[in-house]
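Residue-level structural notes
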Amino acid sequence: MQKEYIQSLPKYITLCERNYLRALKLLPEETVGNSRELHLGAASYHIRIDGIARYTTDIAVVQKQQISAHLDDFVLSVRLYHDAKVAEVIHHDFHQRIKPSYRYPNPDMHHKDEKYQLNAFLADWLMACLESGRIPLNWDVNNGLV
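Summary of the structure given here. Keep in mind that what you see is a predicted model, and the values were worked out from it rather than measured. (Residues numbered from 1 in each chain as written. Predicted model: local features only at pLDDT ≥ 70, side-chain atom pairs only at ≥ 80, totals over all residues. Heavy atoms only, no water.)

**Regarding helix H1 (residues 9-26)**
Taking 1.5 Å of rise per residue, the 18 residues of H1 would be expected to cover 26 Å, and the 26 Å separating its terminal C-alpha atoms lies within 8% of that figure. All of the buried residues in H1 are Tyr12, Leu15, Cys16, Asn19, Tyr20, Arg22, Ala23 and Leu26. (Helix = DSSP H or I, 4+ residues; strand = E, 2+ residues; numbered from the N terminus. Expected span 1.5 Å × (residues − 1). Buried < 20%, exposed > 50% of the residue type's maximum accessible area, 1.4 Å probe, protein only.)

Below, the structure is given as C-alpha coordinates:
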(Lines give C-alpha, C1' and ligand atoms only; values in the text may rest on other atoms or scores of the structure.)
Protein backbone atom coordinates (compact mmCIF):
# COMPACT_ATOMS: atom_id res chain seq x y z
CA MET A 1 0.00 0.00 0.00
CA GLN A 2 1.32 3.43 -0.96
CA LYS A 3 1.76 6.12 1.66
CA GLU A 4 -0.26 9.31 1.25
CA TYR A 5 1.83 12.32 0.26
CA ILE A 6 2.14 14.85 3.07
CA GLN A 7 3.42 18.28 2.13
CA SER A 8 6.09 19.99 4.23
CA LEU A 9 4.30 23.13 5.39
CA PRO A 10 7.45 25.09 6.41
CA LYS A 11 9.04 24.38 3.00
CA TYR A 12 5.84 25.41 1.20
CA ILE A 13 5.39 28.64 3.21
CA THR A 14 9.05 29.61 2.60
CA LEU A 15 8.53 29.11 -1.15
CA CYS A 16 5.37 31.26 -1.08
CA GLU A 17 7.11 34.00 0.94
CA ARG A 18 9.93 34.19 -1.59
CA ASN A 19 7.42 34.25 -4.46
CA TYR A 20 5.68 37.20 -2.79
CA LEU A 21 8.88 39.25 -2.56
CA ARG A 22 9.84 38.47 -6.16
CA ALA A 23 6.35 39.15 -7.52
CA LEU A 24 6.24 42.58 -5.88
CA LYS A 25 9.28 43.60 -7.92
CA LEU A 26 7.51 42.77 -11.18
CA LEU A 27 3.99 44.07 -10.56
CA PRO A 28 2.57 46.94 -12.59
CA GLU A 29 0.94 49.84 -10.75
CA GLU A 30 -1.74 48.29 -8.56
CA THR A 31 -4.88 49.21 -10.45
CA VAL A 32 -7.26 46.55 -11.74
CA GLY A 33 -6.59 45.93 -15.42
CA ASN A 34 -3.03 47.28 -15.44
CA SER A 35 -0.41 44.99 -16.93
CA ARG A 36 3.30 44.80 -17.53
CA GLU A 37 4.92 43.03 -20.46
CA LEU A 38 8.01 40.90 -19.87
CA HIS A 39 10.24 39.06 -22.33
CA LEU A 40 12.11 35.82 -21.68
CA GLY A 41 13.91 34.60 -24.76
CA ALA A 42 11.40 34.54 -27.61
CA ALA A 43 8.43 34.36 -25.25
CA SER A 44 6.36 37.35 -24.23
CA TYR A 45 4.46 37.44 -20.93
CA HIS A 46 2.00 39.82 -19.35
CA ILE A 47 1.48 40.25 -15.64
CA ARG A 48 -2.02 41.65 -15.20
CA ILE A 49 -3.76 42.89 -12.06
CA ASP A 50 -7.09 41.03 -11.94
CA GLY A 51 -8.37 42.08 -8.53
CA ILE A 52 -7.52 44.11 -5.47
CA ALA A 53 -8.98 43.63 -2.01
CA ARG A 54 -7.95 44.91 1.39
CA TYR A 55 -5.48 42.11 2.10
CA THR A 56 -5.02 40.46 -1.29
CA THR A 57 -4.13 41.17 -4.90
CA ASP A 58 -4.96 38.72 -7.67
CA ILE A 59 -2.68 38.68 -10.68
CA ALA A 60 -2.54 36.67 -13.88
CA VAL A 61 0.67 35.63 -15.59
CA VAL A 62 -0.18 35.08 -19.26
CA GLN A 63 2.12 33.78 -22.00
CA LYS A 64 1.13 35.78 -25.07
CA GLN A 65 3.05 33.97 -27.81
CA GLN A 66 1.70 30.55 -28.49
CA ILE A 67 4.18 27.73 -28.77
CA SER A 68 1.74 25.75 -30.91
CA ALA A 69 -1.58 26.36 -32.64
CA HIS A 70 -2.91 23.41 -30.60
CA LEU A 71 -2.17 25.03 -27.22
CA ASP A 72 -3.91 28.05 -25.72
CA ASP A 73 -2.09 30.86 -23.93
CA PHE A 74 -0.50 29.61 -20.72
CA VAL A 75 -2.12 31.27 -17.68
CA LEU A 76 -1.24 31.21 -13.99
CA SER A 77 -3.55 32.93 -11.52
CA VAL A 78 -1.66 34.03 -8.43
CA ARG A 79 -2.99 35.52 -5.21
CA LEU A 80 -0.75 37.79 -3.13
CA TYR A 81 -1.73 37.79 0.54
CA HIS A 82 -0.36 41.10 1.87
CA ASP A 83 -1.06 40.40 5.54
CA ALA A 84 0.84 37.07 5.47
CA LYS A 85 3.30 38.26 2.79
CA VAL A 86 2.91 35.13 0.64
CA ALA A 87 2.02 34.55 -3.01
CA GLU A 88 0.32 31.35 -4.09
CA VAL A 89 -0.81 29.91 -7.43
CA ILE A 90 -4.57 29.48 -7.10
CA HIS A 91 -5.44 28.39 -10.67
CA HIS A 92 -3.52 27.34 -13.72
CA ASP A 93 -4.88 27.33 -17.24
CA PHE A 94 -8.35 27.96 -15.83
CA HIS A 95 -8.50 24.81 -13.63
CA GLN A 96 -10.71 25.67 -10.71
CA ARG A 97 -8.93 24.53 -7.57
CA ILE A 98 -5.54 23.02 -6.87
CA LYS A 99 -5.57 20.58 -3.98
CA PRO A 100 -2.58 20.43 -1.60
CA SER A 101 -2.03 16.79 -2.61
CA TYR A 102 -3.48 14.14 -4.91
CA ARG A 103 -3.67 10.39 -4.77
CA TYR A 104 -1.62 8.85 -7.52
CA PRO A 105 -2.58 7.75 -10.09
CA ASN A 106 -5.61 9.98 -10.55
CA PRO A 107 -7.91 10.58 -13.53
CA ASP A 108 -6.40 14.01 -14.32
CA MET A 109 -2.82 12.76 -13.88
CA HIS A 110 -1.91 15.45 -11.35
CA HIS A 111 1.35 15.02 -9.48
CA LYS A 112 1.10 14.02 -5.83
CA ASP A 113 2.49 17.45 -4.97
CA GLU A 114 0.90 19.45 -7.80
CA LYS A 115 0.37 22.58 -5.70
CA TYR A 116 4.01 22.69 -4.60
CA GLN A 117 5.21 22.00 -8.17
CA LEU A 118 3.17 24.91 -9.58
CA ASN A 119 4.49 27.30 -6.94
CA ALA A 120 8.06 26.07 -7.53
CA PHE A 121 7.52 26.75 -11.25
CA LEU A 122 6.31 30.26 -10.39
CA ALA A 123 9.46 30.76 -8.28
CA ASP A 124 11.69 29.69 -11.18
CA TRP A 125 9.79 31.92 -13.60
CA LEU A 126 9.98 34.96 -11.31
CA MET A 127 13.72 34.41 -10.79
CA ALA A 128 14.27 34.12 -14.54
CA CYS A 129 12.42 37.41 -15.08
CA LEU A 130 14.41 39.21 -12.39
CA GLU A 131 17.76 37.79 -13.50
CA SER A 132 17.21 38.41 -17.21
CA GLY A 133 16.57 42.10 -16.68
CA ARG A 134 14.17 42.07 -19.62
CA ILE A 135 11.57 44.32 -18.17
CA PRO A 136 10.68 47.87 -19.27
CA LEU A 137 13.52 50.39 -19.12
CA ASN A 138 11.68 52.64 -16.66
CA TRP A 139 11.51 49.79 -14.12
CA ASP A 140 14.30 48.95 -11.67
CA VAL A 141 13.88 45.37 -10.35
CA ASN A 142 15.27 46.44 -6.97
CA ASN A 143 13.47 49.75 -6.44
CA GLY A 144 10.39 49.92 -8.67
CA LEU A 145 9.68 52.79 -11.06
CA VAL A 146 12.65 54.96 -11.94
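**Quick look at the pairing of strand S2 (residues 43-52)**
Pairing geometry for strand S1 (residues 35-40) and S2, over 6 bridges, is antiparallel. Following the sheet pairing, Arg36 is matched in S2 by Ile47. Here S1 hands over to S2 after 2 residues, with Gly41 in that stretch at a positive phi of 60°. In this structure, the hairpin formed by S2 and strand S3 (residues 56-63) is closed by a connection of 3 residues. (Pairing = 2+ DSSP bridges.)

**A word on the packing of aromatic side chains**
Given two aromatic rings, one states the distance between the centres and the angle between the planes to describe the pair. Counting across every chain of the model gives 3 aromatic pairs. Between the aromatic rings of Tyr45 and Trp125, the centroid separation amounts to 5.3 Å while the plane-to-plane angle is 70°, which identifies the pairing as edge-to-face. With a gap of 80 residues between them, Tyr45 in strand S2 and Trp125 in helix H2 (residues 114-132) connect regions that are remote in the sequence. Neither residue differs from the other here; Tyr45 and Trp125 are each classed as buried. Each ring, one from Phe74 and one from Phe121, has its centre 5.7 Å from the other, and the planes form 80°; the classification is edge-to-face. With a gap of 47 residues between them, Phe74 in the loop between S3 and strand S4 (75-81) and Phe121 in helix H2 connect regions that are remote in the sequence. (Phe/Tyr/Trp six-rings, centres within 6.5 Å; stacked < 30°, edge-to-face > 60°.)

**Points about unusual backbone geometry**
With phi around 55°, Lys85 is a residue other than glycine that occupies positive phi space. Residue placement: Lys85 occurs in the loop between S4 and strand S5 (86-92). On the basis of relative accessible area, Lys85 is assigned to the partly exposed category, the value being 48%.

**Some words on the nonpolar core**
If you look at the biggest cluster of nonpolar residues, it comprises 22 residues, and the most contacted ones within it are Ile47, Val78, Leu80 and Trp125. For this core, the secondary-structure elements that each account for two or more residues are H1, S2, S3, S4, S5 and H2. Top contributing element to this core by residue count: H2, with 6 residues. Ignoring sequence-local partners within four residues, the contact set of Trp125 consists of Leu38, Leu40, Tyr45, Ile47 and Val61. (Core = buried A, V, L, I, M, F, W, Y, C linked by side-chain atoms within 4.5 Å. Contact = heavy atoms within 4.5 Å.)

**What to know about the pattern of salt bridges**
Within this structure, the stated rule accounts for 3 salt bridges. Where Asp50 meets Arg48, a salt bridge forms, and the shortest distance between an N and an O atom there is 2.6 Å. For Asp50, a relative accessible area of 36% gives the class partly exposed. Where Glu88 meets Lys115, a salt bridge forms, and the shortest distance between an N and an O atom there is 3.3 Å. Within this pair, whereas Glu88 is found in strand S5, its partner Lys115 is found in helix H2, the two being separated by 27 residues in sequence. On the accessibility criterion, Glu88 (15% relative accessible area) is buried. (Salt bridge = Lys/Arg side-chain N within 4 Å of Asp/Glu carboxyl O.)

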